[in-house]
Amino acid sequence: MSVHHRICSSMKINRDYIVSKAFEQYLLHGYSGVSISVLQEQLGIGRATLYYYFKDKSALFCAVIDKYFVAVMEQTLDMPDTVLLSQMIESRLGLLHNKCAHLHTIDNPQVVLSNYSSLLLVALMKYAGYREKIEVLRQRAIDLWAKAIRNSIVHGEVRTDINVEVVAAFFVNIKDSYESGLNANFVDNARFVETSYQYLYDLIKV
């Protein structure tokens, strides 16, 4: 083991730890407000340690986006082929409440949903290939909702006289509107999603 690795291990500093702390700082101060110097101060580590894991600020930012946005979206697509619409809604609300709970663990009143959402906008500008990744994942999400709706039609849970693809897109757009951060309050946005899911479900159920 190298000297550098021994030092990092003794401090319990590793790549995942740096990424998680960087995410917290982005939530507090936004992308432009978090420099390498800021991260050094908050983590209590030297610049060399940061550059050992990430070649520059951009690489660190991309790692944050991959972990807290891309990977999370991919996890939401891991549903069985037999999934029903009611199960999809329950699953999505569970993930939403988990996300809110995680963000609330950052004990600072300055952390608002708009900070979270602004990172998505920065990613579109500074993360090459991010837009393409999100477009693919969004289409997969629409396809998954459509599958759940069709399964529910077969099971008699949902009416047969609906446009499946349009309704599936509506469900995905509800989640997208939550992440737009128009309302800075986590709880209010979670309630908006839950109410909107339920309203749309009530419109199409048998």
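Description of the structure in this document. Just so you know, the residues in each chain are numbered from 1, in the order the chain's sequence is written. Under the rules for a predicted model, residues below a pLDDT of 70 receive no local features and side-chain atom pairs below 80 are neither given nor counted, while totals for whole chains, interfaces and linings still include all residues. Only hydrogens and water are set aside when side-chain values are computed; all heavy atoms of the structure are taken into account.

## Brief notes about the pattern of salt bridges
Argument step 1. We define a salt bridge as a contact between a side-chain nitrogen of Lys or Arg and a carboxyl oxygen of Asp or Glu at a distance within 4 Å. Per the counting criterion, the structure on display carries six salt bridges.
Argument step 2. A salt bridge links lysine 133 to aspartate 66; the shortest N-O distance between them is 3.4 Å. Highlighted residues: lysine 133 in helix H8 (residues 130–154) and aspartate 66 in helix H5 (residues 57–76), separated in sequence by 67 residues.
Argument step 3. We note a salt bridge from glutamate 165 to arginine 150, for which the minimum N-O separation is 2.2 Å. With a gap of 15 residues between them, glutamate 165 in helix H9 (residues 164–179) and arginine 150 in helix H8 connect regions that are remote in the sequence.
Argument step 4. Classification of residues uses two cut-offs on accessible area relative to the type maximum, computed with a 1.4 Å probe and protein chains only: under 20% is buried, over 50% is exposed, and between them is partly exposed. Owing to a relative accessible area of 43%, glutamate 165 belongs among the partly exposed residues under this scheme. The numbering of helices and of strands both runs from the N terminus, where a helix is a DSSP run of H or I of at least 4 residues and a strand a run of E of at least 2.

## Brief notes about H8
Argument step 1. Between its first and last C-alpha, H8 extends 36 Å over 25 residues, near the 36 Å set by a 1.5 Å rise per residue.
Argument step 2. All of the buried residues in H8 are Tyr130, Ile134, Leu137, Ala141, Ile142, Leu144, Trp145, Ala146, Ala148, Ile149, Asn151 and Ser152.
Argument step 3. Glycine 156 occupies a position one or two residues after H8 and carries a positive phi of about 75 degrees. Here the expected length of a helix is defined as 1.5 Å per residue gap, with one fewer gap than residues.

## A look at the packing of aromatic side chains
Argument step 1. Working definition: rings of Phe, Tyr and Trp (its six-membered ring) pair if their centres are within 6.5 Å, and the pair is stacked with planes under 30 degrees apart, edge-to-face with planes over 60 apart, and tilted otherwise. Summed over the entire model, instances satisfying the criterion amount to ten aromatic pairs.
Argument step 2. On the numbers, 3.9 Å between centres and 10 degrees between planes, the contact of phenylalanine 23 with tyrosine 68 is stacked. Taken together, the positions of phenylalanine 23 in helix H2 (residues 15–29) and tyrosine 68 in helix H5 put the pair 45 residues apart, joining distant regions of the chain. Residues phenylalanine 23 and tyrosine 68 agree in their burial class; the two are buried.
Argument step 3. Ring geometry for tyrosine 52 against tyrosine 53: centres 5.0 Å apart, planes inclined by 90 degrees, an arrangement best described as edge-to-face.
Argument step 4. With relative accessibility at 41%, the residue tyrosine 52 sits in the partly exposed group.
Argument step 5. By way of ring pairs, the aromatic residues Phe23, Tyr68 and Phe69 are connected into one cluster.
Argument step 6. Above the face of the tyrosine 31 ring, lysine 57 is positioned so that its terminal group lies 4.2 Å from the ring centre. Note on geometry: a ring has a charge over it if NZ (lysine) or CZ (arginine) is within 6 Å of the ring centre and within 35 degrees of the ring normal.

## Structural notes on the side chain of serine 152
Argument step 1. Here serine 152 is to be found in helix H8.
Argument step 2. Distance and chemistry together define a polar contact, namely a pair of N or O atoms within 3.5 Å, with one atom able to donate a hydrogen and the other to accept it when in protein, and with adjacent residues in sequence counting only for side-chain atoms on both sides. Of note is the side chain of serine 152, whose polar atom sits 2.9 Å from the backbone oxygen of alanine 148.
Argument step 3. Should any heavy atoms of two residues lie within 4.5 Å, those residues are considered in contact. Setting aside its immediate chain neighbours within four residues, serine 152 contacts Leu84, Leu85, Glu157 and Val158.

## Structural notes on the packing of H2 against H5
Between two packed helices, both the angle of their axes relative to each other and the distance between the axes serve to describe the pair.
Argument step 1. Put simply, H2 and H5 touch, their axes get as near as 9 Å, and they point 90 degrees apart. Overall, the two elements H2 and H5 adopt an arrangement that is roughly perpendicular. On H5, the residues touching Arg15, Asp16, Ile18, Val19, Ser20, Ala22, Phe23 and Tyr26 of H2 are Lys57, Leu60, Phe61, Ala63, Val64, Lys67, Tyr68 and Phe69.
Argument step 2. Partitioned by chemical class, the residues of the contact of H2 with H5 number eleven nonpolar, one polar and four charged. Axis lines are fitted to C-alpha atoms, over the contacting stretch for helices. Their N-to-C directions set the angle, which ranges from 0 to 180 degrees. Roughly parallel means an angle under 35 degrees; roughly antiparallel means over 145; roughly perpendicular covers 65 to 115; every other angle is labelled oblique. Amino acid classes used here: Ala, Val, Leu, Ile, Met, Phe, Trp, Tyr, Cys and Pro are nonpolar; Asp, Glu, Lys and Arg are charged; the rest, including Gly, are polar.

The analysis is restricted to geometry; functional conclusions fall outside its scope.
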